[in-house]
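One-letter residues, chain by chain:
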Amino acid sequence: MAIDESMVPELLQPLWKERAPRVLERIERVVQVLRQEPGTSREEGLAEAHKLHGLLGTFGFHEGSQLAGVAEELLESDVVQNEVWNDAADQLAALHLALATLTAPGLDDNDRESEQRRDH
Amino acid sequence: MTTTEKVSSDVIINKVLLVDDEDDIRFVAEISLRDVGGLETFVASSGPEGLQSAEENLPDLIVLDMMMPGMDGMETLRQLRSNPATDHIPVIFMTARAQVHEITSYIEAGALAVITKPFDPMSLHEQVKQAAASLN
């Protein structure tokens, strides 16, 4: 997933740096819910996916916003966990990795590209 | 910085109240309305808090999140309309749920306009001002 810092409007970059850890936690939580890990609830996943849907695009991450919207629709539907849920979880996990790499302290652009290549 | 924006011959937008339970959305929207748009911006994190702020600050317009825990946007709008002090204040709903039938129901309930999430922080203030101009 192609993510870079220029996606975030300059005016919002300080806020993004401050809030990114919480956003990452939320993405991780939705992934856990989609994978039906113990201690997770569909209601919680739905609420987090809904917030991420509205939030990620506002920070400039439109593809991430769409993925969260898909997760929201899945968690709201009558469909029981299936392959589609796993696909959505995998895509959100990839988003999480890309955003985590972007916001990792002390990395320059070359380091980030290397990390993303290694993890894929 | 606060400025008075004259958006049409009769509609002046100066003070805006933003009501949203989500911290990050409030922070971004506040930056957009206040720093980019030059509007005096009040914020509230729930329907009840929004009702109180509306009565105290008498904003020219309210930007109201639809999905909030407890009192949602629709109920907040109903209560704003039932209070003579706030019944005249235009309300714009902000929501990620904006299918055609949903937008229609929001407008029928008395919303001036609907702004969809995610919104563009660089142009949110323009959307708000354009909606206010439509009051003419």
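Just above, that's the structure.
Residues numbered from 1 in each chain as written. Chains lettered and ligands numbered in written order. Predicted model: local features only at pLDDT ≥ 70, side-chain atom pairs only at ≥ 80, totals over all residues. Heavy atoms only, no water.

Asks: Give a description of the overall build of chain A that names residues and reports values.
Replies: Looking only at helices and strands, one finds five helices and zero strands in chain A. Ordered by position in the sequence, the α and β elements of chain A form the string α-α-α-α-α. Across the 120 residues that make up chain A, the buried fraction comes to 42%. For chain A, contacts bridging at least 24 residues in sequence account for 65% of all contacts bridging at least 6. When the accessible surface of chain A is summed, it comes to about 6300 Å², and 49% of that surface belongs to carbon and sulfur atoms. (Helix = DSSP H or I, 4+ residues; strand = E, 2+ residues; numbered from the N terminus. Buried < 20%, exposed > 50% of the residue type's maximum accessible area, 1.4 Å probe, protein only. Contact = heavy atoms within 4.5 Å. Areas by Shrake-Rupley, 256 points an atom, 1.4 Å probe, with all protein chains shown as cover.)

Asks: Please set out the pairing of strand 3 (residues 15-19) of chain B residue by residue, giving values where relevant.
Replies: Residues in a regular strand point their side chains to alternate faces of the sheet. Residues and elements named next belong to chain B. Of all the five residues making up strand 3, four are buried; the element is thus mostly covered by neighbouring parts of the structure. With five bridges connecting them, strand 3 and strand 4 (residues 40-44) associate as parallel partners. Its bridge partner lying in strand 4, Lys15 is registered against Glu40. With helix 1 (residues 23-36) bridging strand 3 and its parallel neighbour strand 4, the resulting β-α-β unit is right-handed. Bridge count between strand 3 and strand 5 (residues 61-65): four bridges; the pairing is parallel. Across the sheet, Val16 pairs through a bridge with Leu61, a residue of strand 5. (Pairing = 2+ DSSP bridges. Right-handed = clockwise from strand over helix to strand, strands pointing away.)

Asks: Please set out unusual backbone geometry residue by residue, giving values where relevant.
Replies: Looking along the chain, the bond that leaves Lys117 of chain B and enters Pro118 of chain B is cis, with omega of 0°. Of note, Pro118 of chain B is situated in the loop between strand 7 (113-116) and helix 5 (124-133). With a phi angle near 55°, Gln36 of chain A is a residue other than glycine that sits in the positive phi range. On the secondary structure map, Gln36 of chain A appears in the loop between helix 1 (13-34) and helix 2 (42-58). Even without glycine at this site, Leu58 of chain B takes up a positive phi of about 45°. Position of Leu58 of chain B among the secondary structure elements: in the loop between helix 2 (47-57) and strand 5. Since its relative accessible area comes to 40%, Leu58 of chain B is described here as partly exposed.

Asks: Can you break down the packing of aromatic side chains residue by residue, with the values?
Replies: Residues and elements named next belong to chain B. Scanning the model with the defined rule gives three aromatic pairs over all chains in all. On the basis of an interplanar angle of 65° and a centroid distance of 5.4 Å, the ring pair of Phe93 and Tyr106 is categorised as edge-to-face. Separated by 13 residues along the polypeptide, Phe93 in strand 6 (residues 91-95) and Tyr106 in helix 4 (residues 100-108) bring together distant segments of the chain. Exposure remark for Tyr106: the relative accessible area of 6% places this residue in the buried category. (Phe/Tyr/Trp six-rings, centres within 6.5 Å; stacked < 30°, edge-to-face > 60°.)

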